[in-house]
Amino acid sequence: MTYFVSILCVLGIAAGQILFKLCAASLQRTGSFFAVSTATTLFCALALYGVTTIAWIWVLQKVELGRVYPFMALAFVLVPIASHFVFGERFHAQYFAGVALIIIGILVAVRA
């Protein structure tokens, strides 16, 4: 259960990053943090980060930091994938090599 919640934390952090990018785009369009779309997106991102932080603290009560922290590296994989689908950002070939290295690193660290 603890590892499942830690994966949910990673997903929350990744989704929060996408929301922050959406907020930045909205801010660029509207020019104000007080515009409804900008403020709403920012609030959602901050709320998601808040809930994720509370969940992460719960995880850290149950498991050593060194055992679960490598999962956070999955955000480096998930955020660019999400940015591709949400914003149409493109990957370079080096991205896939980097993803493979990150996943190998996570597997090595978690099994240690």
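Residues numbered from 1 in each chain as written. Predicted model: local features only at pLDDT ≥ 70, side-chain atom pairs only at ≥ 80, totals over all residues. Heavy atoms only, no water.

## A look at the overall build of the chain
Part 1: Secondary structure assignment for the chain yields five helices and zero strands.
Part 2: Dimensions of the chain, computed from C-alpha atoms along their principal axes, come out at roughly 50 × 40 × 15 Å.
Part 3: Taking all 112 residues of the chain together, 26% fall into the buried category.
Part 4: The long-range fraction of contacts in the chain, counting pairs at least 24 apart against all pairs at least 6 apart in sequence, stands at 68%.
Part 5: Of the roughly 7300 Å² of accessible surface on the chain, 73% is carried by carbon and sulfur atoms. (Helix = DSSP H or I, 4+ residues; strand = E, 2+ residues; numbered from the N terminus. Buried < 20%, exposed > 50% of the residue type's maximum accessible area, 1.4 Å probe, protein only. Contact = heavy atoms within 4.5 Å. Areas by Shrake-Rupley, 256 points an atom, 1.4 Å probe, with all protein chains shown as cover.)

## Examining the nonpolar core
Part 1: Counting residues in hydrophobic clusters, the biggest one holds 11 residues: Val5, Cys9, Val10, Ile13, Trp56, Val59, Val63, Val68, Phe71, Met72 and Ala75.
Part 2: Those elements that place two or more of their residues in this core are α1 (2-30) and α2 (36-62). (Core = buried A, V, L, I, M, F, W, Y, C linked by side-chain atoms within 4.5 Å.)

## Regarding the packing of aromatic side chains
What characterises a pair of aromatic rings is the spacing of the ring centres plus the angle enclosed by the ring planes.
Part 1: In the structure shown here, the tally under the stated rule is five aromatic pairs.
Part 2: Taken together, the ring pairs connect Phe91, Tyr95 and Phe96 into an aromatic cluster. (Phe/Tyr/Trp six-rings, centres within 6.5 Å; stacked < 30°, edge-to-face > 60°.)

## Re the side chain of Thr2
Part 1: Given a relative accessible area of 15%, Thr2 falls into the buried group.
Part 2: Those residues in contact with Thr2 that lie beyond four places of it in its chain are Trp58, Val59, Lys62 and Val63.

## Notes on helix α5 (residues 93-111)
It helps to recall that an α-helix has 3.6 residues per turn; residues three or four apart then point in one direction.
Part 1: The end-to-end C-alpha distance of α5 is 28 Å, a good match for the 27 Å that 19 residues give at a rise of 1.5 Å each.
Part 2: Against the buried residues of α5 lie α4 (75-87). (Expected span 1.5 Å × (residues − 1).)

## Some words on α4
Part 1: For α4, spanning 13 residues, the distance from its first C-alpha to its last is 17 Å, which sits close to the expected 18 Å at 1.5 Å a residue.
Part 2: The complete set of buried residues in α4 reads Ala75, Val77 and Ser83.
Part 3: On its buried face, α4 is in contact with α1 and α5.
Part 4: Of the residues trailing α4, Gly88 is marked for its positive phi of about 75 degrees.

## Details of a nonpolar patch on the surface
Part 1: A grouping of Met1, Phe4, Ile7, Leu8, Leu11 and Trp58 is seen on the molecular surface, where their side chains present a nonpolar patch of about 600 Å² in accessible area.
Part 2: With four residues, α1 is the single largest residue contributor to the nonpolar patch.
Part 3: Here Ile7 lies in helix α1. (Patch = residues over 30% accessible without salt bridge, like charges linked within 9 Å, V, L, I, M, F, W, Y side chains within 5 Å. Salt bridge = Lys/Arg side-chain N within 4 Å of Asp/Glu carboxyl O.)

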